[in-house]
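The lines below spell out each chain.
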Amino acid sequence: MVQAAVPRAAGRAGRKRVTSRAELEHAAFDLFDRQGFERTTIDDIARAAGIGRRTFFRYFPSKNDVAWGSFDEELERMRLRLKAFPRKIPLMDAIRAAIVDFNTFPPEQIPWHRRRMQLILRTPALQAHSTLRYAAWRRVISEFVAERTGGRPDALAPRAIGYVALGVAIAAYEQWLEAADAELRDLLDTAMRQVAAAFGGGLAPSDPAAATGTAALSV
């Protein structure tokens, strides 16, 4: 979700033409702030960005996707981060480190990320779309747990840990948005350590019940 600064280019009718997805995001967010998310249309965003409607869709499939930025690319980065952990690293420690890394931003990016998360977590019109994004996020976690335990991603233990990890992340974000002086990394790290303690640091190896989704958590 880190966006690089891009030089401005001249647009038609004296407007700056968008030259990157990041610039289009900023144009959209300015409109969301002024008009509200629901009242802002794709045509509004395109006009503000100095581009055509068709060009908008080269950057984002929908208005809802603007709020999530480069989420898919960052999610793939988290998947690769998890795969890179040596097996000697306890499962829950690996998940904690990957989640903290996924949500780490340079200091200058933090105000923008706070703005993004306020929109995602506090806009009712985005909740249905967010459900799809959350499912993709949980899948990355459950696939990692399944690979470590020899089960399936849709078995009980991997699925449960995916939901737990997401719940922890959302709770940390909600607290972060309510406290201007809070550190997101610290909130996530502390909460995930508490979860890891509850799980006893990891899961028992897969057994026949895991294949049917009935394996018990090792606590």
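Residues numbered from 1 in each chain as written. Predicted model: local features only at pLDDT ≥ 70, side-chain atom pairs only at ≥ 80, totals over all residues. Heavy atoms only, no water.

Okay, the overall build of the protein next. Along the protein, the regular secondary structure elements total ten helices and two strands. Moving toward the C terminus, one meets the helices and strands of the protein in the order β-β-α-α-α-α-α-α-α-α-α-α. Counting all 219 residues of the protein, 45% fall into the buried class. Counting only contacts in the protein whose residues sit at least 6 apart along the sequence, the fraction spanning at least 24 positions is 67%. Surface summary for the protein: the accessible area is close to 11,200 Å², and the carbon and sulfur share equals 54%. (Helix = DSSP H or I, 4+ residues; strand = E, 2+ residues; numbered from the N terminus. Buried < 20%, exposed > 50% of the residue type's maximum accessible area, 1.4 Å probe, protein only. Contact = heavy atoms within 4.5 Å. Areas by Shrake-Rupley, 256 points an atom, 1.4 Å probe, with all protein chains shown as cover.)

Turning to helix H10 (residues 184–198), a few remarks are in order. With 15 residues, H10 extends 21 Å between its outermost C-alpha atoms, agreeing within 8% with the 21 Å of an ideal straight helix rising 1.5 Å per residue. Those residues of H10 that fall on the buried side of the exposure criterion are Leu184, Leu187, Leu188, Ala191, Met192, Val195 and Ala196. Looking straight down H10, one finds that the buried residues subtend no more than 160° of arc, so they occupy a single side. Turned more than 90 degrees away from the buried face of H10, the exposed residues are Gln194 and Ala197. At its buried positions, H10 is contacted by helix H6 (91–102), helix H7 (110–122) and helix H9 (156–178). (Expected span 1.5 Å × (residues − 1). Arc of directions from axis to C-beta.)

This next bit is on the pattern of salt bridges. Tallying each qualifying case throughout the model produces 19 salt bridges. Arg47 is the partner of Asp44 in a salt bridge, and the nearest nitrogen-oxygen pair spans 2.6 Å. Taken together, the residues span about one helical turn, with Asp44 and Arg47 both in helix H2 (residues 42–49) at a distance of three residues. Residue class for Asp44 comes out buried when judged on its relative accessible area of 16%. When the shortest N-O distance is used, the salt bridge between Arg77 and Asp101 registers 2.8 Å. In this pair, Arg77 sits in helix H5 (residues 71–84) while Asp101 sits in helix H6, placing the two residues 24 residues apart along the sequence. For Arg77, a relative accessible area of 33% gives the class partly exposed. Through salt bridges with shared partners, a single network forms among Glu74, Arg77, Arg81 and Asp101. (Salt bridge = Lys/Arg side-chain N within 4 Å of Asp/Glu carboxyl O.)

Before going further, it helps to spend a moment on the environment of Thr104. Turning to its location among the elements, Thr104 is positioned in the loop between H6 and H7. Spatially, the C-alpha atoms of Thr104 and Arg185 are 6.6 Å apart, while their sequence positions differ by 81 residues. At 2.7 Å, the side chain of Thr104 forms a polar contact with the side chain of Arg185. (Polar contact = N/O pair within 3.5 Å; in protein donor to acceptor, adjacent residues only side chain to side chain.)

So, on to the confidence of the model for the protein. Any segment with low pLDDT has predicted coordinates that should not be analysed in fine detail. Overall, the predicted model of the protein reaches an average pLDDT of 86, with 82% of residues at or above 70. When pLDDT is averaged over each helix and strand of the protein, the minimum, 34, is found for strand S1 (residues 9–10) and the maximum, 97, for helix H4 (residues 63–66). Note that residues 1–14 has pLDDT below 50 and, in this model, 37 contacts with residues that lie over four places away or in other chains. Confidence over residues 204–219 falls short of pLDDT 50; this stretch has 27 contacts with residues more than four positions distant or in other chains. (pLDDT = per-residue confidence, 0-100.)

Time to look at the nonpolar core. In this structure, Met78, Leu82, Met92, Ile95, Trp137 and Ile141 are the most contacted members of the largest nonpolar core, which totals 60 residues. Contributions of two or more residues to this core are made by helix H1 (21–35), H2, H5, H6, H7, helix H8 (127–149), H9 and H10. When residues of this core are assigned to their parent elements, the largest contribution, nine residues, is made by H9. (Core = buried A, V, L, I, M, F, W, Y, C linked by side-chain atoms within 4.5 Å.)

Under the defined criterion, the tally for this structure stands at nine aromatic pairs. With centroids separated by 5.4 Å and ring planes inclined at 90°, the aromatic side chains of Phe56 and Phe57 adopt a geometry described as edge-to-face. Classification of Phe56 as buried rests on a relative accessible area of 0%. Their ring planes at 80° and their centres at 5.9 Å tell us that Trp68 and Tyr134 sit as a pair that is edge-to-face. One end of the pair, Trp68, is in the loop between H4 and H5; the other, Tyr134, is in helix H8, with 66 residues separating them in the sequence. Across this residue pair, the class does not change: Trp68 and Tyr134 are buried. These aromatic residues form a ring-pair network of at least three members: Phe29, Phe32, Phe37 and Trp112. Cation over ring: Arg114 sits above Trp176, and NZ or CZ is 4.2 Å from the ring centre. Across the ring face of Tyr163, the terminal group of Arg138 is positioned such that the distance to the ring centre comes to 4.0 Å. (Phe/Tyr/Trp six-rings, centres within 6.5 Å; stacked < 30°, edge-to-face > 60°. Lys NZ or Arg CZ within 6 Å of the ring centre and 35° of its normal.)

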